[in-house]
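# Fold and geometry: a report
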Amino acid sequence: MPAVPTGSAGKPAATGSASTGAKPGPNAPASKSSGGQASEEAKSVTCTGDNTRTTAAPLNRPVNHMLLTVTNTGSGRCFLYGYPAVRFGEAQSVPPVIADSKPQAVVTLKPGESGYASVNLSSTDGTDSTDSTNGQTVNSLAVYFHGPSGNESVGAGSQPSLPAKGVFVDDFLKVTYWQQSMDDATSW
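What comes next is a walk through the structure. (Residues numbered from 1 in each chain as written. Predicted model: local features only at pLDDT ≥ 70, side-chain atom pairs only at ≥ 80, totals over all residues. Heavy atoms only, no water.)

## Observations concerning the nonpolar core
Ranked by internal contacts, the top residues of the largest apolar core, which has 26 residues, are Met 66, Leu 68, Phe 88, Leu 141 and Trp 178. Elements represented by at least two residues in this core include exactly strand E3 (65-72), strand E4 (78-88), strand E5 (107-109), strand E6 (114-120), strand E8 (141-146) and strand E10 (167-170). In terms of residues, this core owes the most to one element, E4, which gives five residues. Sequence-distant contacts of Phe 88, defined by excluding residues within four places in its chain, comprise Met 66, Val 119, Leu 121, Val 138, Ser 140, Leu 141, Leu 162, Val 167, Val 169 and Leu 173. (Core = buried A, V, L, I, M, F, W, Y, C linked by side-chain atoms within 4.5 Å. Buried < 20%, exposed > 50% of the residue type's maximum accessible area, 1.4 Å probe, protein only. Helix = DSSP H or I, 4+ residues; strand = E, 2+ residues; numbered from the N terminus. Contact = heavy atoms within 4.5 Å.)

Following this line, the structure appears as structure tokens:
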């Protein structure tokens, strides 16, 4: 488990637009403009807490869900690989990913654009949601980013704010892969 980062704190994110389609990886050769300098489009890196702003907002629908929004604050494209490794409170492990939510392409964010992931906080049918042995209210969240291989956390994480009353999580806690659109993220 990575140490809690000292990365950027979460602030409300502006709604961003999303691009579609497969993009080259971060090691793709830089394209040259007519002036001979690398274009802004070619400056692509992995999204981390250092080049993004992350917010976490509970959703009314679907119930017991939270939307993570990551907005690119850098000067070039960044890639959101895999899924967010989230840590609520003092949890010792990250929740599993919903395998069926895997998108067809890596989520690519141009400067100012946003990517999304949904967090299923607890059972949607009320199962275990009142059993204090299987759930708890937490007041802190850390979000870590994966690199191209999808197995390791890279760069700084982020610590978005949660509501003052905290959020309830239980054994049904799981996340989606990063999605290019909010609708795709909230459909799980």
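## Considerations on the pairing of E6
Of all seven residues that make up E6, seven are buried, and the element is covered over most of its length. Going residue by residue along E6, you find Ser 114, Tyr 116, Ser 118 and Asn 120 tucked away on one face and Gly 115, Ala 117 and Val 119 tucked away on the opposite face as well. Two elements, E6 and strand E11 (residues 174-175), share two bridges in a ladder whose sense is antiparallel. Looking at E11, one finds that Asn 120 is bridged to Lys 174. (Pairing = 2+ DSSP bridges.)

## Focus on the environment of Phe 172
Structurally, the position occupied by Phe 172 is in the loop between E10 and E11. Judged by its relative accessible area of 34%, Phe 172 is partly exposed.

## As for unusual backbone geometry
Put simply, Arg 61 and Pro 62 share a cis peptide bond, and its omega is -5°. One can find Pro 62 in the loop between strand E2 (52-59) and E3. For Asn 64, which is not glycine, the phi torsion reads 60° and is therefore positive. For Asn 64, the position within the fold is in the loop between E2 and E3. Judged by relative accessible area, Asn 64 falls into the partly exposed class, the value being 28%.

## What to know about the state of the cysteines
By the definition in use, this model includes one disulfide. Paired by a disulfide, Cys 47 and Cys 78 hold their sulfur atoms 2.1 Å apart. Taking the torsion about the sulfur-sulfur bond, which here is approximately 85°, the covalent link between Cys 47 and Cys 78 counts as right-handed. Of the two residues, Cys 47 is situated in the loop between strand E1 (45-46) and E2 and Cys 78 in strand E4; the sequence distance between them amounts to 31 residues. Each member of the pair, Cys 47 as well as Cys 78, carries the same accessibility label: buried. (Disulfide = S-S within 2.5 Å.)

## Quick word on the pattern of salt bridges
Evaluated as defined, the whole model comprises one salt bridge. The shortest N-O distance in the salt bridge between Arg 87 and Glu 90 comes to 3.5 Å. Using a relative accessible area of 11% as the deciding quantity, one classes Arg 87 as buried. Under the relative-accessibility criterion, Glu 90 is labelled exposed at 63%. (Salt bridge = Lys/Arg side-chain N within 4 Å of Asp/Glu carboxyl O.)

## Considerations on the sheet that holds E11
Read from one edge of the open sheet, four strands run E2-E3-E6-E11, paired in antiparallel fashion. The strands lining the two open edges of the sheet, one partner per strand, are E2 and E11. Looking at chain direction, E3 and E6 are connected through seven bridges and run antiparallel. Note on E6: the bridge partner recorded for Met 66 is Val 119.

## Examining the packing of aromatic side chains
Summed over all chains, the structure comprises three aromatic pairs. Between Tyr 83 and Tyr 177, the aromatic rings sit 5.7 Å apart at their centres with planes inclined by 90°, giving edge-to-face as the arrangement. Taken as a pair, Tyr 83 in strand E4 and Tyr 177 in the loop between E11 and helix H1 (182-186) lie far apart in primary sequence, 94 residues in all. Taken as a pair, Tyr 83 and Tyr 177 share a single burial class, namely buried. With centroids separated by 6.1 Å and ring planes inclined at 10°, the aromatic side chains of Phe 145 and Trp 178 adopt a geometry described as stacked. In this pair, Phe 145 sits in strand E8 while Trp 178 sits in the loop between E11 and H1, placing the two residues 33 residues apart along the sequence. In terms of burial, Phe 145 and Trp 178 fall into one category: buried. (Phe/Tyr/Trp six-rings, centres within 6.5 Å; stacked < 30°, edge-to-face > 60°.)

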